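Observations on chain architecture
Okay, here's what each chain looks like letter by letter:
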2 protein chains.
Amino acid sequence: MVTDPAAPEDAPEEAVYDLDADLAGGVVRALAEGRAGRVRDLIQPLHYADVADLLERLSPDERTALLDVIADDFDADVLSELDDTVRDEIIDHMGPDDLATAVAGLESDDAFHIIEELDGEERRRVLDAIPGAERALIEEGLAYPDDSAGRLMQRELVSVPAYWTVGRTIDFMRADSEGLPEVFYDIFVVDPRHRPLGSIPLSRLLRTKRPIGVTDIMETEMKLIPVATDQEDVAFLFRQRDLVSAPVVDEGGRLVGAITVDDVVDVIHEEHEEDIMHLGGVPVDDLYSAAVDTMRSRFPWLLVNLATAILASATIGLFEATIEQMVALAVLMPIVASMGGNAGTQTMTVAVRALATKELTSTNALRVIGKELIVGGFNGILFAVITGLVAWLWFADPTLAVVLAMAMIVNMVVAGLAGTTIPIVLERAGKDPAIASGVFLTTMTDVIGFFTFLGLAAWLLL
Amino acid sequence: MVTDPAAPEDAPEEAVYDLDADLAGGVVRALAEGRAGRVRDLIQPLHYADVADLLERLSPDERTALLDVIADDFDADVLSELDDTVRDEIIDHMGPDDLATAVAGLESDDAFHIIEELDGEERRRVLDAIPGAERALIEEGLAYPDDSAGRLMQRELVSVPAYWTVGRTIDFMRADSEGLPEVFYDIFVVDPRHRPLGSIPLSRLLRTKRPIGVTDIMETEMKLIPVATDQEDVAFLFRQRDLVSAPVVDEGGRLVGAITVDDVVDVIHEEHEEDIMHLGGVPVDDLYSAAVDTMRSRFPWLLVNLATAILASATIGLFEATIEQMVALAVLMPIVASMGGNAGTQTMTVAVRALATKELTSTNALRVIGKELIVGGFNGILFAVITGLVAWLWFADPTLAVVLAMAMIVNMVVAGLAGTTIPIVLERAGKDPAIASGVFLTTMTDVIGFFTFLGLAAWLLL
């Protein structure tokens, strides 16, 4: 079994993925024609991650058809790679017994990630199908809070006492090769109470001569992660320190597990996904949801926005008499609100990101707010000049142009101030700034934009 | 040197980071008081990533003051961890000679990442200060395109011929321990023409008995990454396959380097940062830029948005006569535009994300668009009812309420359609959908929102 060394020469640059559109199309066609054998031939050589991808891209009907065709040699690893909505659908289709059989064949941490998503009766039935020792580990893991280091870590790890040598460590691993985790990157040196003293990257162990003691080559500058640590903080630490694995300790400081970077990559991805979706006003995992679920999940956000839109309208309503006398105001007023909204969104995006990456802190908050006020003020002046000229040319009314320009400056400064302070205040209040900042921001820039423009117009023009 | 095993017991849960606000405050105070010794005492125990963090949080003046105090034992690893803007500032402050000395002490791939950011004369001077063999490696690396696998990979790796045994491989590593990369996770088995045949995770090598051949334990189901592959695709592959390292091959299929997951984590982070910033209309790395640079970088986006705002105003301008007869229209019209914009942004956010993660493809594009039309239509009907009732209560005019409701349905459907098709079309055209989708989308929802509402009003009400 040898990879074909000629492949990279012939393959186009994009060939990093196995799964191309042709393949997906081929599977869909073969399913439609009822050629089960052909479908199996197409699926067989695929990596489980690609099978997961393929399942996600199919319509719900095609999905169940494909599942029925490949049911006999279904690789449960596929489940770990699926998007939540699709996974739930497939788990429902499989039923608890088939699921239990499939999950029992997985590595304990992969099994764990599937089981933690199940609830009540389903979880019970799947757990019962898993052999005793592994089930105990999984049940212990389920006791840790959601999204904590305890949920993320794998329980199997290699730890050795401080008096061992490199040679003895290697011999131990060769002798007990069955009991070792499938993949690991560091060996942990522990004291008699099983508290970590240091870690040794495998590449260091391998280059060291047998008689040397493990304490002589261990890294002691390591971070111990308490089991209760939030997974977002774990991800931050891994990225910050370029870690590949890290020891997890319980309240007594005892080594209870290790987190490896592949799980952290998934967390980083999830957290980013959440941030982007929240900024866009969408719950996560939306692409594969049924239309009715998508509708329902997006509705509340739109309703909140309707409330702010009505607030903005009410602000305009205060000036009905003014608009009646000068309709040009109705034509120009969206410009002030829209520019404020856009400038505020720029500022808010930077602030929300900087809060998420812990770059915006109490040390520099005032400086950042100060800077945004300056930026808002200067860009406000620039756009005041531009929009003032546009309004003057359009309506040939210099006072109207001045009113527009003044409102523009006010609203851009408000945008800079609100774009930074709203996320900071929400973060301080323990809320996720990505979710709520946008509504507060547009409410402010709309209401203040309309109010300043129409108010100045009422005062100066009429 | 042993870590204090009691530490995790006493430490609060957030103590995963060394750098807390108190420390930053302490450094700032000590700097202000001119107590250089105190500053050094505070900095000395910090990890280089924390020193980088601290530097980022300080004001430019504090930053140069701190740099001057710690200049003598400045750890060049700090540079790799800094945000671009701050790094440029510090590199300017250090001058090329100090920089060259600092960089020469780094691992070749870290040195590489700093040098690739420099230009012309500065790059020349720093390169000249680096010893011959390492300089040659770095210069070769600089020949690869920006953001390619060639730039990301480390050139040092461990490869062994197919006829070696586990024992011989370990002996080789012990004998040539100086020539090995600092950290590595896989060993690559190559053919006589140096083309990769398979890879062996170190944890597997360590658990295998000495006489066993490397080909017996190697993994052959590995992905070969062509040097020219875009780093975004590399990141996708690592996440998809839970990789920790992967072999990079040249056009002839020969092994030229290996990419490790720590660099990929940085890429994932960068790419996400870019997506979020682009969706918010901001260039990356904005927090630390000087106010004038921030102003300049945000201006073009605001200018584009001004153009779309003026287009929306022009649409309203078509109906000046209509508004003159019924000012309530001016009060209500922003509701239609705003709801369309928000619904469209939700849809667009999902589509842009799904395109970035390759979940939205030609296989499912039509289905996704269809679903969004349904979602838009149904949410449109719901909000038509709600806003219609509001308008009726507010202005006691049932026809006005019907006009608002009808415009709402039209604009929500347009939002669903535009929110999916705009990103897909931009992606097909080779543009980054995160950057431009928003402008096109709000232009459509504003123009169509105002036009439908005012047009229907002109037709039905007057």
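Conventions used here
Residues numbered from 1 in each chain as written. Chains lettered and ligands numbered in written order. Predicted model: local features only at pLDDT ≥ 70, side-chain atom pairs only at ≥ 80, totals over all residues. Heavy atoms only, no water. Helix = DSSP H or I, 4+ residues; strand = E, 2+ residues; numbered from the N terminus. Rg over C-alpha atoms; globule rule 2.2 N^0.38 Å. Buried < 20%, exposed > 50% of the residue type's maximum accessible area, 1.4 Å probe, protein only. Contact = heavy atoms within 4.5 Å. Areas by Shrake-Rupley, 256 points an atom, 1.4 Å probe, with all protein chains shown as cover. Lys, Arg positive; Asp, Glu negative; His and termini not counted. Charge placed at Lys NZ, Arg CZ, Asp CG, Glu CD. Domains from an automatic or database assignment. Buried area = accessible area lost by both parts, 1.4 Å probe. Polar contact = N/O pair within 3.5 Å; in protein donor to acceptor, adjacent residues only side chain to side chain. Arc of directions from axis to C-beta. Least-squares fit on C-alpha atoms with pLDDT ≥ 70 in both. Axes fitted to C-alpha atoms, helices over the stretch in contact; angles between N-to-C directions. Parallel < 35°, antiparallel > 145°, perpendicular 65-115°, else oblique. Left-handed = near helix turned anticlockwise from the far one by under 90°.

Right, let's get into the overall build of chain A. When helices and strands are tallied, chain A shows 22 helices and six strands. Here chain A has a C-alpha radius of gyration of 30 Å; the compact-globule value for 462 residues is 23 Å, and the former is much larger. When burial is assessed residue by residue, chain A has 57% of its 462 residues classed as buried. Here the contacts in chain A between residues at least 6 apart in sequence split such that 66% fall between residues at least 24 apart. Working note: accessible area of chain A is about 18400 Å², and carbon and sulfur atoms make up 56% of it. Of the charged side chains in chain A, 33 are positive and 77 negative; the average position of the first set lies 8 Å away from that of the second.

Turning our attention to the domain arrangement of chain A. Residues and elements named next belong to chain A. Segmentation of chain A into domains returns domain 1 (18–152), domain 2 (159–278) and domain 3 (291–460). Spacing between the C-alpha centres of domain 1 and domain 2 amounts to 29 Å. At the junction of the two partners, domain 1 supplies nine residues and domain 2 supplies 13 residues. In total, about 880 Å² of surface goes out of reach between domain 1 and domain 2, with carbon and sulfur atoms giving 59% of it. Taken as a group, D147, A149 and L152 account for 63% of the area that domain 1 buries against domain 2, more than any other trio of residues on that side. Connecting domain 1 to domain 2 are four residue pairs in polar contact (both at pLDDT 80 or more). Put simply, the parts of the chain that give the side of domain 1 that touches domain 2 at least two residues each are α8 (108–115) and α11 (149–152). For the side of domain 1 that touches domain 2, the leading source of residues is α11, giving three residues.

This part covers helix α9 (residues 120–128) of chain B. Residue and element names in this part refer to chain B. All of the buried residues in α9 are E122, V126 and L127. Each buried residue of α9 sits inside an arc of 125° when the element is viewed along its axis, so together they form one side. α9 presents G120 and E121 as exposed residues on the side facing more than 90 degrees away from its buried surface.

Moving on: the relation of the copies chain B and chain A. Once chain B is rotated about the relating axis by 180° and shifted along it by 0.0 Å, it coincides with chain A to within an RMSD of 0.1 Å. Classification of the inter-copy transformation places it as that of a two-fold axis. A high fraction, 100%, of the interface residues of chain B reappear at the interface in chain A, so the copies pair face to face through one surface.

Time to look at the packing of helix α19 (residues 328–356) of chain A against helix α20 (residues 365–395) of chain A. Residue and element names in this part refer to chain A. The N-to-C vectors of α19 and α20 enclose an angle of 155°; their axes lie 12 Å apart at closest approach. What the angle tells us is that α19 and α20 run roughly antiparallel. Classified by chirality, the crossing of α20 by α19 is right-handed. Of α20, the residues touching α19 (which contributes A328, V331, L332, I335, M339 and T347) are E372, F383, T387, A391, W394 and F395.

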